[in-house]
Structures are given as C-alpha cells and as structure tokens.
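Descriptive structure summary
What follows is each chain in one-letter form.
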Amino acid sequence: MGNSLKAIVAFVPSSTCQKYLLEDLEEMPVDKMVDLSGRQLRRLPLHICSFRELVKLYLSDNNLNHLPPELEQLQNLQILALDFNNFKALPLVICTLKQLCILYLGNNKLCSLPLELRLLQNLKTLWIESNCLQCLPEVVCELSLLKTLHVGSNALRTLPAQLRCLQELRTIWLSGNLLSEFPSVLLDMPFLEVIDVDRNSIRFFPSLAHLPGLKLVIYDHNPCRNAPKVAKGVRRVGRWSEESPEPRKRSGAVIEITLDEKPSPPPATNLEPE
C-alpha cells in the first residue's frame, strides 16, 4: 500500500478502511505483537484495543497526536513505541498501563511529562530524546526501576538532584543538550555504567575515577580543556582519549602531560544506545 493512499485512508473512520490500514489484522497475533509503524496513521484503530493479551505495540513514524481511552484495556502491554509522531502532551491513558517496561517517546513535541507517569513503576527503559524539554521532568526520578534513560537532543541545562535516587540507572544519554557544566548529580551515582554527554558546551570535566561501575564515557564535541579522568579499563570517547596528551595551563604557558594510563580503544563510531 502506498504512503499517499494510506494517508488518505487514515482519515476515513469506516470499518472497511480501518481494516485496510490494518491489512486484515483481525485476530490476536500469536507472538502478541502488533507493528503499525509507518502507516500514516492519524488515530489508533480501536480494533487494536481488543487484543487484551497484547505485549508489544509499535506505533512509530505515524501522525498520531492522541490515543483513545480504550487503550487502557491493554493491561499486559510491556513495550510501547510512540516515537516519530506529533504528541505535544503525553496521553494520560499511557500511565494506566502499569506493566510497561519500555516506553519510546522520542522525536515528538513534548515540553513536559505528567505527574501520572510515576504510576509506571515497572518502567526500565525510557526514551524521550529529540523533544522540547528544557529541563528533565522530576517525575522521571520517581521511576525506581529505570535502567536506561535517553534524553538527548533536548534543551537541558542541568539535571535535578533527585536523579541520584534512581539507583537502578545504568545508562544515561544526554548528547545534544545545552549543558555548560558536567552534571554534578552524576558524580553521586556510582552505579552508572554509561554516561554520554556528547555535543554539549562543557568546558571542564571533573574526575570520574571514583565511579566503580563506569564502563564508558562519551564526551566528544565539547569545548573542554581536559579529558575526564577515569579508572583503569574505562573507555573514553572524546578529545585526548587516546595517545595524544591533553593541554594544561600553568603560569600562562601550555605544557604537555602524559595520561595516567593508555585507555582501551574507543568503540565503533556507530555506537547506538541500548
């Protein structure tokens, strides 16, 4: 079905047209997964909400800006992908899906998140990158099981101190924000394994050598004058992360110093968040 035809059919509410969009998806799939990504949908076909045993629902790359209240029937849903849509606010019905473990909300138009998000206490992965967030919503800090947080490509200038409460958090992606200083709260999170602050405005990096869980730090494309110090075996991606010495000013002169140890080679350039 061509995209142009899909876009036209998406406006027509008749059951025949909706079945056309669903491509005869009339019964619950055996694998309990429905993928309607890239269908030019402007509203979710209500028929999907009758699949009460559904575990995975992918609605990426559509034209959605709201969801029907009937979505609440999907109480077994664990993965919901809503990235690359037109949401300006998070539909509150999502917060009723208490079994959700993974929620993709990237590439929308979100400026905030509702307090009701705290009801998703099983959430382990939250992607809210490429939205309109000027600060990290504090409600995120109440998601106690969160392991992966991707909030890159927003307009963050700082992080809330409450973030340290997320003791299960292992990976945080902050690339492409407006950070002028390394977020101090991250220094109090020894359980972090991956820190990505690529493409910000950080001029100085504190030592990260005291973080025992750290495995990878990405700090490239910052106007920094030093590389973050890390413990042996921790990979760094950024300026002076390999053999070339970093500069240090002393009495107005720039001298060369040798890194404490030679770090492992950086990962491939196409590294993607987990």
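- Going by what an unreviewed UniProt entry lists, the protein is known as LRC10 protein and is assigned to Eurystomus gularis.

Here we look at the pattern of salt bridges
- Counted according to the given criterion, the structure contains 5 salt bridges.
- Note that R164 is salt-bridged to D188, the shortest N-O span being 2.8 Å. Placement of the pair is R164 in the loop between β6 (148-150) and β7 (171-173) and D188 in the loop between β7 and β8 (194-196), with a sequence separation of 24 residues.
- In this structure, K215 and E193 form a salt bridge, with 3.9 Å as the shortest nitrogen-oxygen distance. In this pair, K215 is assigned in the loop between β8 and β9 (216-218) and E193 in the loop between β7 and β8, connecting sequence segments 22 residues apart.

What to know about unusual backbone geometry
- Even without being glycine, K32 reaches a positive phi, approximately 60°.
- Considering the arrangement of structural elements, one finds K32 in the loop between α2 (15-22) and β1 (33-35).
- The phi torsion at Q40 lies on the positive side, around 65°, for a residue other than glycine.
- Within the secondary structure layout, Q40 lies in the loop between β1 and β2 (56-58).
- For Q40, a relative accessible area of 22% translates into the label partly exposed.

Re the sheet that holds β8
- Taken in spatial order, the 10 strands make up an open sheet running β1-β2-β3-β4-β5-β6-β7-β8-β9-β10, and their pairing is parallel. A strand with exactly one partner marks an edge of an open sheet, and here the two such strands are β1 and β10 (235-237). The sheet shows a mean angle of 5° between the axes of neighbouring strands, taken without regard to direction.

Rules and cut-offs
- Residues numbered from 1 in each chain as written.
- Predicted model: local features only at pLDDT ≥ 70, side-chain atom pairs only at ≥ 80, totals over all residues.
- Heavy atoms only, no water.
- Salt bridge = Lys/Arg side-chain N within 4 Å of Asp/Glu carboxyl O.
- Helix = DSSP H or I, 4+ residues; strand = E, 2+ residues; numbered from the N terminus.
- Buried < 20%, exposed > 50% of the residue type's maximum accessible area, 1.4 Å probe, protein only.
- Pairing = 2+ DSSP bridges.
- Axes fitted to C-alpha atoms, helices over the stretch in contact; angles between N-to-C directions.

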